[in-house]
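# What the coordinates show
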Amino acid sequence: MPQYFIAVLRPLSDGAIHVDADMGADIDALNDEMQAVGARKFAGGLGRPTAERTVRLTPDGDTDAILPLGLPVNEHLDGFWIIEAAEMAEAREWGRKAACACRSAVEVRQFL
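Please read all numbers here as calculations on a predicted model, not as lab measurements.

Our focus in this paragraph is the overall build of the chain. In terms of helices and strands, the chain carries 2 helices and 6 strands. When the helices and strands of the chain are read in sequence order from the N terminus, they spell out β-α-β-β-β-β-α-β. Counting only contacts in the chain whose residues sit at least 6 apart along the sequence, the fraction spanning at least 24 positions is 75%.

Of all hydrophobic cores here, the largest spans 16 residues; its most connected members are Ile6, Leu30, Met34, Trp81, Ile83 and Trp94. Put simply, the parts of the chain that give this core at least two residues each are strand S1 (3-11), helix H1 (21-36), strand S5 (75-84) and helix H2 (88-102). Top element by residues in this core is H2. It accounts for 5 residues. Those residues in contact with Leu30 that lie beyond four places of it in its chain are Trp81, Trp94, Lys97, Ala98 and Ala101.

Between H1 and H2, the shortest axis-to-axis distance is 8 Å and the interhelical angle comes to 160°. One finds that H1 runs roughly antiparallel with respect to H2. In this structure, H1 uses Met23, Asp26, Ile27, Leu30, Glu33 and Met34 to contact H2, whose residues at the interface are Trp94, Lys97, Ala98, Ala101 and Cys102.

Bringing the layout of surface pockets into the picture now. Its boundaries defined by the atoms lining it, the largest pocket holds a volume of some 210 Å³. Looking at the largest pocket, it is lined by 13 residues, and the ones nearest its centre are Ile27, Gly45, Asp78, Gly79 and Cys102. For the lining of the largest pocket, the secondary structure elements donating two or more residues are S1, strand S2 (40-45) and S5. No other element matches S5, which puts 4 residues into the lining of the largest pocket.

The next subject is unusual backbone geometry. Here Arg103, not a glycine, exhibits a phi torsion of approximately 55°, which is positive. Summarising the element assignment, Arg103 is placed in the loop between H2 and strand S6 (105-111).

Turning our attention to the sheet that holds S5. Strand order in the open sheet formed by 4 strands is S2-S5-S1-S6, and the pairing between neighbours is antiparallel. Edge positions in the sheet fall to S2 and S6, since each of these pairs with one other strand and no more. Each adjacent strand pair in this sheet contributes to an overall mean axis angle of 20°, direction not counted. By the bridge criterion, 9 bridges tie S1 to S5 in an arrangement that is antiparallel. Residue Pro11 lies in a different strand from S5, and its bridge partner there is Glu75. Each of S1, S5 and S6 is contacted by H2, which is oriented at about 150° to S6, the strand it contacts most.

About the cut-offs
Residues numbered from 1 in each chain as written. Predicted model: local features only at pLDDT ≥ 70, side-chain atom pairs only at ≥ 80, totals over all residues. Heavy atoms only, no water. Helix = DSSP H or I, 4+ residues; strand = E, 2+ residues; numbered from the N terminus. Contact = heavy atoms within 4.5 Å. Core = buried A, V, L, I, M, F, W, Y, C linked by side-chain atoms within 4.5 Å. Buried < 20%, exposed > 50% of the residue type's maximum accessible area, 1.4 Å probe, protein only. Axes fitted to C-alpha atoms, helices over the stretch in contact; angles between N-to-C directions. Parallel < 35°, antiparallel > 145°, perpendicular 65-115°, else oblique. 1 Å grid on protein atoms, 1.4 Å probe; cavity = no way out; pocket = protein on both sides within 12 Å on 5 of 7 lines; lining within 4 Å. Points joined across faces, edges and corners; volume = space filled by probe spheres on them. Pairing = 2+ DSSP bridges.

This is the structure:
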């Protein structure tokens, strides 16, 4: 069965995201629903982008870890799920539920 990546996106301008009791309960309920039907394969949250490093290949073939991200972006990845779904429409429905539970934008893409 195809797998999909559901990414929770937050604006970089957001301070620390406060997960209140209602949001926590909604996220827990979504995880329980995904597990009950066997859709959820993996889920996790990520640390704040202030601690991120981008590892880039230098012209001489070495690597360099730089701060900040090194990309001109206005959002950061806050957490994600890897799910199984029969088709993209089903994955998008999980994405809709994730956006509601997390009170944030999400991106849904096929996981290859």
